[in-house]
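Survey of secondary and tertiary structure
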Amino acid sequence: DATDTETWVGSSLCEICSNKGIWSFNVNPVNISKYHAVLYNLPVTFKKPPEPHINADPKHWDDDYVRMPYSDKSLFPITENGVDVIKLRWKLIVDSLSEPINSGRELEEAIRKYNSSLPELTALRKYFDELDEEENECFFKNLLPKIISLALQLPQILPGSLPLLKKHCNRSVSLSQQQIASLLANAVLCTFPWRKKVANAYPGVNFVSLYMADKRAQRQNFYEKLKCIFNYFHLVTKSMPLGVVTFERKYIPKSNIPRWDSLDNYLKDTKVHIDSSGTIEDNGLGFLQVDFANKNVGGGVLGYGCVQEEIRFVICPELIIGRLFIEQLTDLEAVIVTGVQRYSKYSGYAETFAWEGPFYDETPYDEYGRRRTTVCIIDATRYNKSFHQFYPSAMLREVNKAFVGFSSRATINLAPVATGNWGCGAFQGSLYLKSLLQLMACNATGRHLIYYTFGNEDFKDDFYKMYLFLSKNNIKVEQLWRFLCGFSVTKNSENNLYSYIQQAFFDSKKQPTVKNFFKKP
Ligand code: AR6
């Protein structure tokens with residue numbers, strides 16, 4: 001246990017990492033297959049950005065692949081000299097972005113030339129209005145031309161077919177950081193073709209929704225997000241990162257998920273480290289870092305949100321590109337992203353969030369050329385009425401979701417999970433419940449649990465006391481699950497969950513079990 005001055009309780013990080021060091025954990029390999037599209041040529045050498053992979057029959061306008069803005073099937077109607085004509089949209093994009101652009105207003109005009117019926121891009125204009133002359137000059141003379149050039153090189157940088165990661169399909173995509181940068185440059189310039197209504201299951205990546213924000217109160221968040229994004233482009237256009245990133249969609253059908261009411265693992269076999277200071281991204285180096293996600297990955301990153309997920313996505317903008325090809329998550333699905341880099345420092349949270357300058361990420365690379373940063377995207381459920389989350393079906397949904405996110409094909413030497421108050425902020429879930437469900441999922445997947453309570457000292461102590469109680473009494477997962485289901489019937493306040501579990505355990509010792517009670521003599 002830690003000394004009095006420490007902010008953590010439980011096992012030390014050294015103990016959890018078995019003293020082998022945090023960079024020793026198993027990683028998922030990059031092996032080209034039907035299920036893993038690798039869009040660059042192997043191996044990654046770090047001498048220059050990986051060469052793009054060219055498909056024999058590239059798909060750039062297809063229902064199973066991302067529709068590329070440069071596809072010759074992408075057409076756009078315009079009126080030229082009073083006549084309606086259909087133009088190649090990519091040509092319009094190239095022409096429009098090749099004209100001089102010196103202000104937010106001109107940038108907006110340029111974007112309008114290849115996007116019909118756009119709303120007013122108020123936030124974008126105001127952002128530049130509020131910068132001083134020197135900052136504006138620096139952006140329009142220096143950075144914007146580089147972003148445009150990166151965007152317009154997309155046909156050369158990413159000539160391959162980029163598959164959509166669709167619902168209920170276990171599939172991975174690996175892209176070079178340069179390919180992601182070029183895609184993101186296109187997203188910032190809003191060049192991606194708009195999808196038909198049926199395809200709304202993809203979150204979407206064009207930045208329009210960020211630019212059009214007009215709620216004054218929240219505009220500050222937009223400015224800070226834009227600073228993070230422009231800082232990313234500043235860094236990557238100065239020195240292009242040479243690594244790669246893998247996005248893996250995971251779906252585990254119910255039949256392959258343990259039955260929680262018969263899982264007889266001891267909870268004490270899972271080690272916990274609970275810290276009231278620190279954050280997942282600052283302190284979770286080498287661990288499986290949970291993103292408190294929305295089923296539309298990235299949540300409100302290109303809109304009004306500015307909590308854990310949105311902040312993570314703007315400081316690590318490579319995550320944002322997932323919105324282009326990751327279909328909305330369903331209950332038994334998660335996404336694992338390996339290799340993203342962090343580019344920005346920040347302070348504050350939600351309305352006080354502020355960009356604090358560039359961040360130089362020194363996370364080492366794995367043998368496949370990815371930073372050893374793994375993000376586990378799992379979306380909790382939003383609850384409007386607290387007691388809804390204690391329905392067994394609701395608890396099952398959450399514990400299964402965490403199980404899908406934490407599970408791995410590897411069985412030994414798995415990184416611990418770095419998580420915290422998942423689903424307990426914007427989504428209003430109960431800390432007491434979600435911590436136990438995450439503990440169960442860690443136990444079932446063979447990972448230890450590192451939990452950041454985000455400043456909550458009382459909860460750090462409460463959760464640890466509960467953990468000690470479960471450990472000392474040799475309580476198994478199945479038993480805990482039954483106590484949780486028992487609690488749901490009492491309709492008790494969530495604050496009483498831990499004391500209820502203790503009482504239920506003592507009662508189970510005293511009384512004959514329900515099964516015996518009903519046995520005929
Ligand atoms: N590290 C550790 N803990 C954190 C961190 C961090 N960096 N940031 C926040 N917390 P929330 P949710 C704690 O509300 O409830 C987004 O819009 C802090 O105590 O982001 O699952 C998504 O897109 C915070 O209150 O997650 C979804 O739409 C708590 O974690 C929705 O929010 C929960 O953070 C998800 O909401």
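Just so we're clear, the structure is a prediction, and the values are computed from it rather than from any experiment.

Reading the values: the criteria
- Residues numbered from 1 in each chain as written.
- Predicted model: local features only at pLDDT ≥ 70, side-chain atom pairs only at ≥ 80, totals over all residues.
- Heavy atoms only, no water.
- Near = heavy atom within 4 Å.
- Polar contact = N/O pair within 3.5 Å; in protein donor to acceptor, adjacent residues only side chain to side chain.
- Areas by Shrake-Rupley, 256 points an atom, 1.4 Å probe, with all protein chains shown as cover.
- Helix = DSSP H or I, 4+ residues; strand = E, 2+ residues; numbered from the N terminus.
- Salt bridge = Lys/Arg side-chain N within 4 Å of Asp/Glu carboxyl O.
- Buried < 20%, exposed > 50% of the residue type's maximum accessible area, 1.4 Å probe, protein only.
- Pairing = 2+ DSSP bridges.
- Axes fitted to C-alpha atoms, helices over the stretch in contact; angles between N-to-C directions.
- Contact = heavy atoms within 4.5 Å.

Before going further, it helps to examine the site of the ligand. Around the ligand, the structure places 19 residues, and the nearest of them are Glu309, Glu310, Gly423, Gly425 and Ala426. A distance of 2.9 Å separates a nitrogen atom of the ligand from a polar atom in the side chain of Glu281. One of the backbone N or O atoms of Phe427 is found 3.0 Å from an oxygen atom in the ligand. Protein chains bury 91% of the 700 Å² of accessible surface belonging to the ligand in isolation. Listed by contribution, the elements that provide at least two residues to the shell around the ligand are α10 (280-283), β8 (288-293) and α11 (308-315). Considering every element that reaches the shell around the ligand, the biggest residue donor is α11, with 3 residues.

Moving on: the pattern of salt bridges. Taken as a whole, this structure holds 23 salt bridges when the rule is applied. The salt bridge partner of Glu333 is Arg249, with a shortest N-O separation of 2.7 Å. Taken as a pair, Glu333 in strand β9 (residues 333-338) and Arg249 in strand β6 (residues 244-251) lie far apart in primary sequence, 84 residues in all. Each member of the pair, Glu333 as well as Arg249, carries the same accessibility label: buried. The salt bridge involving Asp379 is made with Arg397; its shortest N-O contact spans 3.1 Å. Taken together, the positions of Asp379 in strand β12 (residues 374-379) and Arg397 in helix α13 (residues 392-406) put the pair 18 residues apart, joining distant regions of the chain. Salt bridges linked by common partners bring Asp331, Asp379, Arg397, Glu398, Lys401 and Lys434 together as one network.

A word on the environment of Cys17. With respect to the secondary-structure elements, Cys17 resides in the loop between α1 (13-16) and β2 (36-38). For the pair Cys17 and His448, spaced 431 residues apart in the sequence, the C-alpha separation amounts to 9.1 Å.

Further remarks concern the sheet that holds β2. Reading across from one edge, β1-β7-β14-β13-β8-β12-β9-β6-β5-β2 is the order of the 10 strands in this open sheet, with mixed pairing throughout. Unpaired on one side and paired on the other, β1 (8-10) and β2 mark the two borders of the sheet. Averaged over all neighbouring strand pairs, the angle between strand axes comes to 20°, with direction disregarded. With 6 bridges connecting them, β6 and β9 associate as antiparallel partners. Looking at β9, one finds that Tyr251 is bridged to Glu333. Those strands touched by helix α7 (residues 177-188) are β5 (171-176) and β6, and its axis lies near 90° from that of β5. The strands touched by α13 are β6, β8, β9, β12 and β13 (417-420); relative to β12, the strand with the most contacts, the crossing angle is about 160°.

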